[in-house]
Amino acid sequence: MMEDVTMHLPSGVALGRRREGARDRLYARLARGTVAARSAVRSAGWSLASLAIVLGVWQLVCLTVSRDFPSPMASLRVALTLLSGAFVRVDGVPGIGLQALASMRRIAVGFSLSAAVAIPAGVLIGANPTIRRLFDPIVQVLRPVSPLVWFPLALVAFKNLGGVSSSTVFTIFVTSLWPTLINTAVGVSSLPTDYRIVAKVFRFSRWRYLRRVLLPHALPYVLTGLRLSMGTAWLVIVAAEMLSGDMGIGFFAWDSYNAGSYEKMIAAVVVIGGIGLALDRGFDALYRRVDHQGGSR
Amino acid sequence: MTTFAPEREASVRTSGWTEPYVHIDGVSKAFRMGQETSVAVSDVSLRIRHGEFVAFIGHSGCGKSTVLNMVAGVYPPSAGIVRVDGKPVTGPGPDRAMVFQSYSLLPWLTVEENVFEAVDAVLANQMPMRDKRARAERFLRMVGLWEHRRKRPAEISGGMRQRTAIARAFAVQPEVLLLDEPFGALDALTKGTLHDELLALWRSDGRRQTILMVTHDIDEAVYLADRVVVMTDGPAATIREVIPVPLSRPREKRAVMHDPRTLDIKERLLSLLQGSPAENAH
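These numbers come from a predicted model, not from an experiment. (Residues numbered from 1 in each chain as written. Chains lettered and ligands numbered in written order. Predicted model: local features only at pLDDT ≥ 70, side-chain atom pairs only at ≥ 80, totals over all residues.)

A.B. asks: So, the overall build of chain A: which residues are in play, and what are the values?
C.D. replies: Check the secondary structure of chain A and you find 11 helices and two strands. Secondary structure elements in chain A, listed N-terminal to C-terminal, are α-α-β-β-α-α-α-α-α-α-α-α-α. Here the C-alpha radius of gyration of chain A, 26 Å, is well above what a compact globule of 297 residues would show, namely 19 Å. Over its C-alpha atoms, taken along the principal directions, chain A stretches across nearly 80 × 60 × 35 Å. Here chain A holds 297 residues, and 31% of them are scored as buried. Across chain A, every contact between residues at least 6 apart in sequence was considered, and the portion connecting residues at least 24 apart equals 70%. (Helix = DSSP H or I, 4+ residues; strand = E, 2+ residues; numbered from the N terminus. Rg over C-alpha atoms; globule rule 2.2 N^0.38 Å. Buried ≥ 20, exposed ≤ 12 C-beta atoms within 10 Å, placed from the backbone. Contact = placed C-beta atoms within 7 Å.)

A.B. asks: So what's going on with the domain arrangement of chain A? Residues and values would help.
C.D. replies: Domains assigned within chain A are domain 1 (5-63) and domain 2 (76-290). Taking only C-alpha atoms, the centre of domain 1 of chain A and the centre of domain 2 of chain A are 34 Å apart. (Domains from an automatic or database assignment.)

A.B. asks: Run through the interface of chain B and chain A, naming residues and quoting values.
C.D. replies: Taken together, the contact pairs 22 residues of chain B with 17 residues of chain A. Going through the elements one at a time, β6 (96-99) and α3 (111-122) of chain B are the ones with two or more residues in the side of chain B that touches chain A. Sorting elements by how many residues they give to the side of chain B that touches chain A places α3 of chain B first, with four residues. For the side of chain B that touches chain A, the per-class residue count stands at 15 nonpolar, four polar and three charged. (Nonpolar A, V, L, I, M, F, W, Y, C, P; charged D, E, K, R; others polar.)

A.B. asks: Tell me what's going on with the sheet that holds strand β1 (residues 20-33) of chain B, and back it up with residues and numbers.
C.D. replies: Residues and elements named next belong to chain B. With respect to topology, four strands assemble into an open sheet ordered β2-β1-β4-β5, the strand pairing being antiparallel. Of all the strands in the sheet, just β2 (36-49) and β5 (87-88) have a single pairing partner and so form its edges. Where strand β4 (residues 79-84) lies against β5, two bridges are found, and the strand directions are antiparallel. By the bridge assignment for β5, arginine 83 is matched with proline 88. (Pairing = 2+ DSSP bridges.)

A.B. asks: Mind laying out the nonpolar core, listing which residues take part and the relevant values?
C.D. replies: With 134 residues, the main nonpolar core has Ala55, Ile57, Val71, Ala225, Val228 and Val229 of chain B as its most contacted residues. Counting residues per element, this core draws most heavily on helix α9 (residues 206-244) of chain A, at 15 residues. Other than its neighbours up to four places away in sequence, alanine 225 of chain B contacts Phe53, Val54, Ala55, Met213 and Val245 of chain B. (Core = buried A, V, L, I, M, F, W, Y, C linked by C-beta atoms within 7 Å.)

A.B. asks: Now, about the sheet that holds strand β9 (residues 227-231) of chain B: what can you tell me, with residues and values included?
C.D. replies: Residue and element names in this part refer to chain B. If you trace the six strands from one edge of the open sheet to the other, you get β6-β7-β8-β3-β9-β10, paired in mixed fashion. The two strands at the open ends of the sheet, each matched to only one other strand, are β6 and β10 (239-244). Strand-to-strand twist in this sheet, taken as the mean axis angle between neighbours without regard to direction, amounts to 15°. Two strands pair when backbone bridges link them, and strand β3 (residues 53-57) and strand β8 (residues 210-215) are joined in this way by five bridges, in the parallel orientation. Its bridge partner being in β8, alanine 55 is matched across the sheet by methionine 213. Strands in contact with helix α5 (residues 158-171) are β6 and β7 (176-180); relative to β6, the strand with the most contacts, it is inclined by about 180°. (Axes fitted to C-alpha atoms, helices over the stretch in contact; angles between N-to-C directions.)

A.B. asks: Before we move on, can you summarise the packing of helix α3 (residues 96-127) of chain A against α9 of chain A with the specific residues and values?
C.D. replies: Residues and elements named next belong to chain A. Interaxial distance between α3 and α9 falls to 10 Å at its minimum, and their mutual angle equals 140°. On the basis of the axis angle, α3 is oblique to α9. The way α3 lies across α9 gives a crossing that is right-handed. Across the interface between the two elements, Ser103, Arg106, Ile107, Gly110, Phe111, Ser114, Ala115 and Ile119 from α3 touch Val222, Leu226, Ser229, Met230, Ala233, Trp234, Ile237 and Glu241 from α9. (Parallel < 35°, antiparallel > 145°, perpendicular 65-115°, else oblique. Left-handed = near helix turned anticlockwise from the far one by under 90°.)

This is how it looks when you write it as structure tokens:
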């Protein structure tokens, strides 16, 4: 770019349209690159700062309030040994990574089932006022029911159908239904009238209306719902595994507590938090891709 | 057309008409807002012949868009009836394509997809896919957007968005085109270009379409329309006067501008619009 002497001329004077376009694109790319790099550095700085606050408070608690509480350094040491054997079994005991994978597998099943039910149900409820009036009370009653209640209920219901492991999955399924269902319904019912008229004027078939109008509009809402549901599922799995005593990261935390190894518990907390963060970021990235409100993708 | 009263039929003949294509007959519209009912449009009657371009002009809130929406079938009149080609309007349909001030393009589709989806939906089984693609291309080329076909509405200017919407409307070969302040959000230069593009598109189709346009721009109304319908101010707006624009087509902007008849018509429109107390309403 440096030897391009025409660079400083006002646009369109010396450069052909095509070259001007190429130049603009290059500038835009350079600018984007710089901005991206700068913002990456900045956000890393913020992350470090917040980590420092957590560690500081933690250390302070250890030094003052509770001397039994494992210190950050002691926890780090234990965490490193746990992580080094994360995916192997020692004396038949699965490592922390395997425990986390077991939890994630359960979530994958429960969450997928719940999405498969909640999205179509949300579309129906959002699109049809009669269905909405019929189902709204049911949703509002069931939504605040705690996973701690769903789990024993499921145990009874699934006594002969896989018992404990089905109950954990069912608890995940039920508790992660609501955010997706409600957000999908809101997305569908918020379709601007203009788009509905367009679909009518051009006589869109039901299928085309769904595929080209309703679902693209509702998609960002659906993803927000899924993101919230995933957060709920991840919260609930830990509680459910504590109750079920099955393998999994929640069970691991509870088991470590019972064994008196609090450093292991803290390692489990960090793993739970880390995976939760990663899942959330994943959904956020997906959301950015489909958010048409923001204009160009 | 046997439903018309005889004396009306006679008056139609004396004004040199054949049968009306769009017939707005004693149409009123009241909207319910909570407890209150407000009458937006009261007793509007108009006969529009096939291939005619009629502009509705009036102050904002005078119910001109309400009339257009009833022709579109977006909502039914509270009283009276709208007929198109002798058949009562019961809902929206591709025989009456609409162009809105807000463009109403689907933001997640590209320019090309916006036009193609409409063509594909309206002409579902009437022609092979290849021909539908070609049709979308033809209309996009006519409005100079073929190069931009892969862009999304958010990536193009307001003028380009409205071109896309106009291309979409023409591409489904409607009998009637309903334009609701289509150029209201555009700057003067873009507006001028789009006027000519609209007339060119219409002409290229043999001026087959009957066009109803809502506007608040006097110059625009006179340049484009065969007749200008001046509405009274709302509530309960109705037709104040219908002014014919007897300028020959094809029209050329400068020639129209300097034509003494244009000046007379504009003078007349201006006095009709200023004579109403709307200025105080703002």
